[in-house]
Amino acid sequence: MSINHNNNTDVADGLAGLQQDAALWQLRAARVDVKNFLQGSDVTLFEPIGRTEFGVIERHLIGLRVGVITRSDAIVERHRAALNALGADAAQVQAVEAGAHGELPKKIAAALRFSDKITREPRDASPEDIAELKASGFVAQDIVTLGQLISYLSFQVRLLAGLRALGGAK
Amino acid sequence: MSYSNNAVKVFTVDPLNWQPWVETVDVKALTPAQIDVLSEAPGGLEKIGPYYALLAHDPEVLRERTRLFNAVMYGRGGLPRRERELASVAGSRVNGCTYCASVHGRIYNDLTKRTDVIQRIFTEGVDAQLEPRERAVVDFSVALTRSPERVTADDLQPLRDAGLSEAEILDLIHVVAMFAWANRLLQTLGHPTRDEVVLV
C-alpha cells in the first residue's frame, strides 16, 4: 500500500509556520520528493498501519519529550495537542514534560530514557540499552520502529532550525 | 557481547561491516511488504545487508526513509553531490558515526579524485584546514548537527559569502538532517566492525 500524501496537511510546513505564498514554502516545494517522503515518514510513524504493540500515544509521548529536550516549541505543541485529542493520561503527559520518567509505566519509561540518550548523544548508545528495552517489553520490531521514530525527530528538529535561520531568525 | 572488543571507533575510509544488536528479519521468510522495500535497497533482494535486514522489521517506515534518503542525496540540481557527501561526513564525524563516515568519505574521494580532505577531517577533526567554500559547508554542518537550537541567520552568512544559493542551503540543511537520522540508526541499533557479521 502506498501513502496518499495529498490528503495530509504537510507537517513540517505546519511546524515551521510556512504559508503557501511564502518564499520559504516555495523553496521547500521545489524539492517535491524530499517534501513528500518526509511527510510519508511522519505519517507511517504517527499513523501506523497493521500490527504494533508500540502505540500511537507512546509515540506522541516520545515526540513530546524530544520537543522538550531540544527546546522545539512547535514540536512540543504538536504532540501536546495530539495527546490531548487521543485522550492520553494528563499526569503521564506532565511527567514526560518534566522528565520524571520514574513516575511512568516501565515500558514507556525505558523508551524515554533511550530517546533522551540518543537524541542528545548518539555515540552513548550500547547493547545494554537494547537489553533494557527488551526487558521492559519491547520486541525487535518495535525497537526498530522506536529507533526510526527518535532518529526521524532529530531530522525534524534540524530541518525546523534550518528553516528558521533561512527565514532570517537571529 | 563482543561490543567493546571489535567496535571500530577510529575514522577510516576502509570498508566496514555493521553488526546489529537486535535480531533481523528472516530473509528466507519475507512478507510481501518487506520484499517490496528490500528490492529498492542498495544490492536489492539478492544481497540484503544486515542494516536493511534489520530495518525491514518496519517496512512502511523503511520505504519512506529510503526514498527520502535518495531524494536528499541524489536529487537533481542544487548543491553539488560532492558537497552533500562532505556535509554527511562532517555530521558523522561530530556524532562519532565511523560507519557512515567510512561509506561517505569513500564516495567523496571517488567524486573528487582526492583523499586529503577526508583524511584531514578524520585525523584532525572538523576544524581541520579547508578551502573557503568547504570550510563554510563543514562549519554549518557542524553547527546544525551539534546545536540546532542555537543556529541563526548569522550562521548562513558564510555560506552565502561562499556563493551558495538559498536552494543550495536548503539542500545542505536536508543532508545534515538526514545524517542526524542515519547516524542515530547506525549508532544505536548496532556497531561497525571489521569482523564478519553474525546475524542474531
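Residues numbered from 1 in each chain as written. Chains lettered and ligands numbered in written order. Predicted model: local features only at pLDDT ≥ 70, side-chain atom pairs only at ≥ 80, totals over all residues. Heavy atoms only, no water.

Let's talk about the nonpolar core
Put simply, the test is: The criterion is simple. A nonpolar core is a set of buried Ala, Val, Leu, Ile, Met, Phe, Trp, Tyr and Cys residues joined through side-chain atoms within 4.5 Å. Burial classes follow relative accessibility: with a 1.4 Å probe on protein chains only, a residue under 20% of its type's maximum area counts as buried, one over 50% as exposed, and anything between as partly exposed. By definition, any uninterrupted DSSP run of H or I lasting at least four residues is a helix, any uninterrupted run of E lasting at least two residues is a strand, and each is numbered from the N terminus. An automatic or database domain assignment provides the domain bounds reported here.
Ranked by size, the top nonpolar core spans 113 residues in total, and within it A:Ile62, A:Leu146, B:Leu68, B:Leu159, B:Leu172 and B:Leu189 carry the most contacts. Per-element tally for this core: the top contributor is helix α9 (residues 140–166) of chain A, with 16 residues. Looking at this core, you find at least three residues from each of domain 1 (3–73 + 188–193) and domain 2 (79–186) of chain B.

Some points on the domain arrangement of chain B
Residues and elements named next belong to chain B. Convention followed: Any pair of residues with heavy atoms lying within 4.5 Å of one another is described as a contacting pair. Here the buried area means the combined drop in accessible surface, using a 1.4 Å probe, for two parts upon being joined, counting both sides. Throughout this description, the term salt bridge denotes a Lys or Arg side-chain nitrogen within 4 Å of a carboxyl oxygen of Asp or Glu. Two N or O atoms form a polar contact when they lie within 3.5 Å of each other; inside protein one atom must be a possible hydrogen donor and the other a possible acceptor, and for residues adjacent in sequence the pair counts only when both atoms belong to side chains.
Taken domain by domain, chain B holds domain 1 (3–73 + 188–193) and domain 2 (79–186). Each of domain 1 and domain 2 has a C-alpha centre, and the two are 23 Å apart. Between domain 1 and domain 2, the contact holds 24 residues from the first and 27 residues from the second. Counting the surface lost from both domain 1 and domain 2, the interface buries some 2100 Å², and carbon and sulfur atoms represent 70% of this. It is Phe11, Val13 and Met73 in domain 1 that bury the most area against domain 2; as a group they hold 38% of the surface buried on that side. Where domain 1 touches domain 2, the interface holds 0 salt bridges. Linking domain 1 with domain 2 are 8 residue pairs in polar contact (both at pLDDT 80 or more).

Some remarks on the interface of chain B and chain A
Buried accessible area, meaning the area lost when the parts come together, often serves as the stated size of an interface. As a reminder, the rule being used: Classification used: nonpolar for Ala, Val, Leu, Ile, Met, Phe, Trp, Tyr, Cys and Pro, charged for Asp, Glu, Lys and Arg, polar for all others including Gly.
Listed per partner, the contact involves 55 residues of chain B and 52 residues of chain A. Around 4600 Å² of area is buried between chain B and chain A when both sides are counted, 67% of it from carbon and sulfur atoms. For the pair chain B and chain A, the number of links is 4 salt bridges. Of the charged contacts in the structure, one is a salt bridge between A:Arg31 and B:Asp171, with a shortest N-O distance of 2.7 Å. Here chain B and chain A share 14 residue pairs in polar contact (both at pLDDT 80 or more) between them. Mapped by element, the contributors of at least two residues to the side of chain B that touches chain A are α3 (50–55), α4 (59–74), α5 (81–95), α8 (132–146) and α10 (166–188) of chain B. The leading source of residues in the side of chain B that touches chain A is α10(B), at 16 residues. Classifying every residue of the side of chain B that touches chain A by side-chain character gives 28 nonpolar, 11 polar and 16 charged.

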